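Here is what each chain is made of, one letter per residue.
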Amino acid sequence: MLRFSTAALAGWAVLCASGQAFAQQAAADKPSAVVSPDFNTSVSDVVGAQVHDSFANVGQTLYDHGVTVSSSFTAEPAGNPVGGISQGATYAGQVYFGLDIDLGKMLASQAANDTYVHFAMVDRQGNRLSQYYIGSSIGPQEIWGIQSVHLAVLTLERKFFDGRLDVTVGRSPANIAFLDSPIYCHFMVNSACGNPALIYFASNFSGFPSSSWGADAKAWLTDKIYFHGGVYEVNPLDHDQAYPWGIWNTGATGAIVPLELGYATNFKNDDLPRHYQIGGWIDRSTYTSPLYSADGGFAAINGQPYATLFGQSGVWARFDQMITRPDPHSNRGLTLFGVFMSATSGQPVMQQYYELGLLQQGTFAGRDNDTLGFVVNLEKWSNDALNNVRLARATVGSFTSPPPYMVMMELNYGWQITPAVQLSPNLQAIINPDNFNEPTRPGNIPSAFIVGFKLNVDLAKAAGIGAEDISKNERQQKVF
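Residues numbered from 1 in each chain as written. Predicted model: local features only at pLDDT ≥ 70, side-chain atom pairs only at ≥ 80, totals over all residues. Heavy atoms only, no water.

**Considerations on the overall build of the protein chain**
- When helices and strands are tallied, the protein chain shows 8 helices and 16 strands.
- Approximately 21800 Å² of the protein chain is accessible, and the part contributed by carbon and sulfur atoms is 61%. (Helix = DSSP H or I, 4+ residues; strand = E, 2+ residues; numbered from the N terminus. Areas by Shrake-Rupley, 256 points an atom, 1.4 Å probe, with all protein chains shown as cover.)

**Things to note about the environment of Gly207**
- Turning to its location among the elements, Gly207 is positioned in the loop between β5 (165-172) and β6 (212-220).
- The class for Gly207 is buried, based on a relative accessible area of 16%.
- A sequence separation of 62 residues divides Gly207 from Gly145, and the C-alpha atoms of the two residues are 9.3 Å apart.
- If we ignore the near neighbours within four places in the chain, the residues touching Gly207 are Pro173, Asn175 and Tyr200. (Buried < 20%, exposed > 50% of the residue type's maximum accessible area, 1.4 Å probe, protein only. Contact = heavy atoms within 4.5 Å.)

**A short note on the pairing of strand β15 (residues 421-431)**
- Of the strand pairs in this sheet, strand β14 (residues 405-418) and β15 are connected by 9 bridges, and their pairing is antiparallel. Paired with Asn412 across the two strands is Asn426, which belongs to β15.
- Hairpin connection of β14 to β15: 2 residues between the antiparallel strands.
- Bridging between β15 and strand β16 (residues 448-458) involves 10 bridges; their strand directions are antiparallel. Within β16, the residue paired with Ser424 across the bridge is Lys454. (Pairing = 2+ DSSP bridges.)

**A short note on the environment of Pro196**
- Looking at where Pro196 falls in the secondary structure, it is placed in the loop between β5 and β6.
- For Pro196 and Glu355, which are 159 residues apart along the polypeptide, the C-alpha to C-alpha distance reads 8.0 Å.
- Apart from residues no more than four positions distant in its own chain, Pro196 is found in contact with Leu179, Tyr184, Ser191, Val339, Met341 and Tyr353.

**A closer look at the state of the cysteines**
- Under the definition given, this model contains 1 disulfide.
- The disulfide that involves Cys185 links it to Cys193, with 1.8 Å between the sulfurs. When the S-S torsion is 95°, as for the bridge of Cys185 with Cys193, the disulfide is right-handed.
- Accessibility expressed as a relative area gives 35% for Cys185, which makes it partly exposed. (Disulfide = S-S within 2.5 Å.)

**What about the environment of Trp213?**
- Here Trp213 lies in strand β6.
- Among the residues examined, Trp213 registers a relative accessible area of 31% and is labelled partly exposed.
- A C-alpha to C-alpha distance of 9.3 Å links Trp213 and Thr155, two positions 58 residues apart in sequence.

**Considering the side chain of Ser137**
- For Ser137, the location among the structural elements is in the loop between α4 (129-134) and β4 (149-160).
- We classify Ser137 as buried; its relative accessible area is 14%.
- For Ser137, the side chain forms a polar contact with the side chain of Asp434, separated by 2.8 Å.
- Each residue touching Ser137, except ones within four places of it in the same chain, is listed here: Arg128, Phe201, Trp381, Asp434, Phe436 and Asn437. (Polar contact = N/O pair within 3.5 Å; in protein donor to acceptor, adjacent residues only side chain to side chain.)

**Considerations on the nonpolar core**
- Of all hydrophobic cores here, the largest spans 40 residues; its most connected members are Ile138, Trp281, Met341 and Met350.
- Counting residues per element, the ones that place at least two in this core are α4, β7 (225-234), β11 (333-345), β12 (350-361), β13 (371-381), β14 and β16.
- For this core, the leading source of residues is β11, giving 4 residues.
- By size, the runner-up hydrophobic cluster in this structure holds 14 residues, among which are Ile101, Met121, Ala463 and Ile465. (Core = buried A, V, L, I, M, F, W, Y, C linked by side-chain atoms within 4.5 Å.)

Here it is, written out as structure tokens:
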């Protein structure tokens, strides 16, 4: 928290100072909000309301000049009372700060219309439950990875032909443009949120907050059908915690090209919104063999470094479909979603991935913003990865075969405490945790049961400068 506090507070200070400068004339033209205390209002209530209104005025003024602020804090404590290597608990957390700049508004220029700059940085803290207590390579806390201050997004976006073509270039994680969904991160388990897990075990796809140089373009062929393609540099230093601002890192090993064809609707053009998508990737970069050494032998046996290989590919198909919507004037309803992914070339660690889940938006009377979710996914490991564990175990006299798959699942309830605060207690299970982090462990790791919760605080909304509050009528429905 302390690392990011300096950077975040500096950013807030600059924004507030800029916003106050923009707002001075507006404030002179209209009276500011006045809070009148009564016998049931404390001094802290009055001061708090005035501070909130001050931030809201700054936020509105910034938005009027083309700047939208987003910021949040996420905490994910979790523990495994049953199973794993041993029992324990850890905490993982993230502070996020972002800016979206509408250059048309900011510059008051017709030529700059439909042109945007996006910026985001994060600070992640804490430890990973799977690393210390469970032993699996995928864990129950999605907010873990690159535990430092890190530049996540710095891109320029331009829309053409009335928005039918959207092009983005700059530094960005590939996973926020491809294989993303607002559904997935209603869950805390890292196999589902932020993306289906196979992509990181069968390619060099960059995942938030790790960013790389790249570009993507989405072309809407009709109002519901689109084609989306991109290209992203692969550079191992982009993932290094020692390079949080590594915009000019050298050492690229190639590039990855994701492609997809999709059908997408929203509440504006469909009573039951849906997304269907087929796609895949071509990874023309280097990676490490999960089995062989450079001389063609088995690295687990001969002790030589694992071989460096080149080139992988894979395919995916995924969907989400709202299946119930009791009130056509509300977004409440039940959505079914699923994913299938498979590696098609190279020597991946994971061969196939299957996922199925349900998300209920609106649970009980008066709880329209609460959610109830369940997801289960199966990770099928490649023969190469399993053979490496078998050979490593043989070196210590064990001939126990590792399980060929791992199953992860989560059941949660998303309690919207206030418009800015959501708490999601969850129960998770990891069946057949993999042994890839400890291949010489003689026996298989016992299946684990996890208890956790995900706390998300929308700091911008809490301050009254959330984009949804300020520009509600202008926000577009997010699709894949």
